[in-house]
Amino acid sequence: MPKRNRTAQVIKDNKDRWIFTYADLITMLLIFFILMYVMSRVDEKRFEALIRSVQQTVGGGGDIVYDAGPTITEGTFDPMHAEVLIHGELMEMRELLEVKEKLEKYIAERGLQDQIIVTLEERGVVISFIGTALFPLGSDKMFKESEEIIIEIGKILTEIDNYIRIEGHTDNLPINTPRFPSNWELSSARALAVLHKLQKESGIDPRRLSATGYGEYRPVKPNDTEETRKYNRRVDLVVLRDDFDEIEPGDKIRMLETLKKSGE
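Starting from 1, residues in each chain are numbered consecutively following that chain's sequence as written. Two thresholds apply to this predicted model, a pLDDT of at least 70 for residue-level local features and 80 or more for giving and counting side-chain atom pairs, whereas whole-chain, interface and lining totals are computed over all residues. For the side-chain quantities, the full set of heavy atoms in the structure was used; hydrogens and water were omitted.

Bridge analysis of strand β3 (residues 164-168) against strand β4 (residues 209-213) gives 5 bridges, and the strand direction is parallel. Following the sheet pairing, I164 is matched in β4 by L209. Handedness of the crossover is the feature at issue here: the chain leaves β3, passes through helix α5 (residues 183-200), returns alongside β4, and the resulting connection is right-handed. Only when DSSP finds a minimum of two bridges between them are two strands counted as paired. Starting at the N terminus, helices and strands are each numbered in turn, a helix being any DSSP run of H or I of at least four residues and a strand any DSSP run of E of at least two. Note on handedness: a clockwise path from strand one over the helix to strand two, with the strands aimed away from the viewer, defines a right-handed crossover.

Note on ring pairs: Phe, Tyr and Trp rings are taken, using the six-membered ring of Trp, and paired if centres are within 6.5 Å. Classes follow the plane angle, with under 30 degrees stacked, over 60 edge-to-face and the rest tilted. Applying the stated criterion across every chain, the model contains 1 aromatic pair. One Lys or Arg, K221, reaches over the ring of Y231 and ends 3.9 Å from the middle of that ring. Counting as a charge over the ring demands two things of the Lys NZ or Arg CZ atom: a distance within 6 Å of the ring centre and an angle within 35 degrees of the ring normal.

Take the side chain of N232 next. By secondary structure assignment, the location of N232 is in helix α6 (residues 226-232). Engagement of the side chain of N232 in a polar contact is seen with the backbone nitrogen of V220, the distance being 2.7 Å. Any N or O atom pair separated by 3.5 Å or less is treated as a polar contact, with the protein-specific requirement of one donor-capable and one acceptor-capable atom, and with residues adjacent in sequence counted only for side-chain atom pairs. Of note is the side chain of N232, whose polar atom sits 2.9 Å from the side chain of N223. Ignoring any residue separated from it by four or fewer positions in sequence, one finds N232 in contact with H169, T170, D171, P219, V220, K221, P222 and N223. Here, residues are in contact when the closest pair of their heavy atoms is within 4.5 Å.

Here the focus is the pattern of salt bridges. The rule for a salt bridge is simple: a side-chain nitrogen of Lys or Arg has to be within 4 Å of a carboxyl oxygen of Asp or Glu. Scanning the entire structure with this criterion turns up 14 salt bridges. In this structure, K197 and E147 form a salt bridge, with 3.6 Å as the shortest nitrogen-oxygen distance. Taken together, the residues span a long stretch of sequence, with K197 in helix α5 and E147 in helix α4 (residues 144-157) at a distance of 50 residues. Just as K197 is buried, E147 falls in that class too. We note a salt bridge from K230 to E227, for which the minimum N-O separation is 3.3 Å. Of this pair, K230 and E227 both sit in helix α6, 3 residues apart, roughly one helical turn. Each of D171, E226, R229 and R233 takes part in a single network of salt bridges with overlapping partners. Only protein chains enter the accessibility calculation, which uses a 1.4 Å probe; a residue whose area is less than 20% of its type maximum is buried, one above 50% is exposed, and one in between is partly exposed.

Bringing the nonpolar core into the picture now. If you look at the biggest cluster of nonpolar residues, it comprises 39 residues, and the most contacted ones within it are I127, F129, I153, L157 and V194. Contributing elements (two or more residues each) for this core: α1 (17-40), α3 (79-109), β1 (116-121), β2 (124-130), α4, β3, α5 and β5 (234-240). Residue contributions to this core peak at 9 residues, all from α3. In this structure V194 touches L134, F135, M142, I150, I166, V235 and L237, once residues within four positions along its chain are discounted. In this text, buried Ala, Val, Leu, Ile, Met, Phe, Trp, Tyr and Cys residues form a nonpolar core when linked through side-chain atoms within 4.5 Å.

On to the confidence of the model for the chain, then. Across the chain, the average pLDDT comes to 79, with 64% of residues at 70 or higher. The pLDDT value expresses, per residue, how confident the predictor is, ranging between 0 and 100. In this model, residues 7-13 is a region of pLDDT below 50 whose contacts with residues beyond four sequence positions or in other chains number 12 contacts. Every residue in residues 57-75 scores below 50 in pLDDT, and together they form 35 contacts with partners more than four places removed in sequence or on other chains.

At their nearest, the axes of α4 and α5 sit 9 Å apart, and the two run at 55° to each other. Comparing their axes, α5 and α4 come out oblique. Seen from above, α4 lies across α5 with right-handed handedness. Between α4 and α5, the residues in contact are E147, I150, I151 and G154 and V194, K197 and L198, respectively. Here the nonpolar group is Ala, Val, Leu, Ile, Met, Phe, Trp, Tyr, Cys and Pro; Asp, Glu, Lys and Arg are the charged ones; every other residue, Gly included, is treated as polar. Broken down by class, the residue content of the contact of α4 with α5 amounts to 4 nonpolar, 1 polar and 2 charged. The convention used is that axes are lines fitted to C-alpha atoms, helices contributing only their stretch in contact, and that angles between N-to-C directions extend from 0 to 180 degrees. Angles are sorted into four bins: roughly parallel if under 35 degrees, roughly antiparallel if over 145, roughly perpendicular if 65 to 115, and oblique for all others. Handedness of a helix crossing follows the sense of rotation of the near helix relative to the far helix, less than a right angle counterclockwise being left-handed and clockwise being right-handed.

Of note, I164 is situated in strand β3. Judged by relative accessible area, I164 falls into the buried class, the value being 1%. Along the backbone, I164 and R241 are 77 residues apart, and their C-alpha atoms lie at a distance of 9.5 Å. Not counting residues within four places of it along the chain, the set of residues in contact with I164 comprises L157, I204, R208, L209, S210 and V238.

Next comes the structure, spelled out in structure tokens:
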């Protein structure tokens, strides 16, 4: 599967547009300082501090947080490599914001703002289906209309190649049935139901998908009223940032396959 072909695209006006202009400015400034380094051989440690400062500045806006990365040991610092890494992060940020905008547009057109919430977190774009947006209470059988929504959202997510993690959550109301002895089984079954729909109907590469169930143990609000419990009774689709690829098994094999295909 091809991996990361970042291209800058024209972004429609939205509340996050200022980030793109700011990111371009930071990139140009970074390239300027790299050229200055090449010409004047600035001390490596001082330039490393500059790179980290730029990374932290870019990552400090809003909910988007970027790690400064591992420590660069003396004698191994490559300024051009550092520029490529930061440029890749900026391109990824643009792609994630584009996906977030398309998802929000689709949700608004369908009038689903009370059922589906899209946020941009450090780990990536999170699409939360809350309450009974997908499933009846105590069931893992998806509503028919909800299946269509999942399929359409999945098609939007085929435009990028990031990993997607499906996370099932429940409220703290106990369940004990032959099919679901506890909320662990219910949350896991719901996550798997969404995963299969994305893979079979939306055409997302199964290597990009994973599912997990958290039961009642990852609430985002107190479980003290029905209104707050619906936010805990949710399924999250998490479009993971590239930084999180490092913790996914099989990446080295996938990278070799991509390199092999590119050489054919």
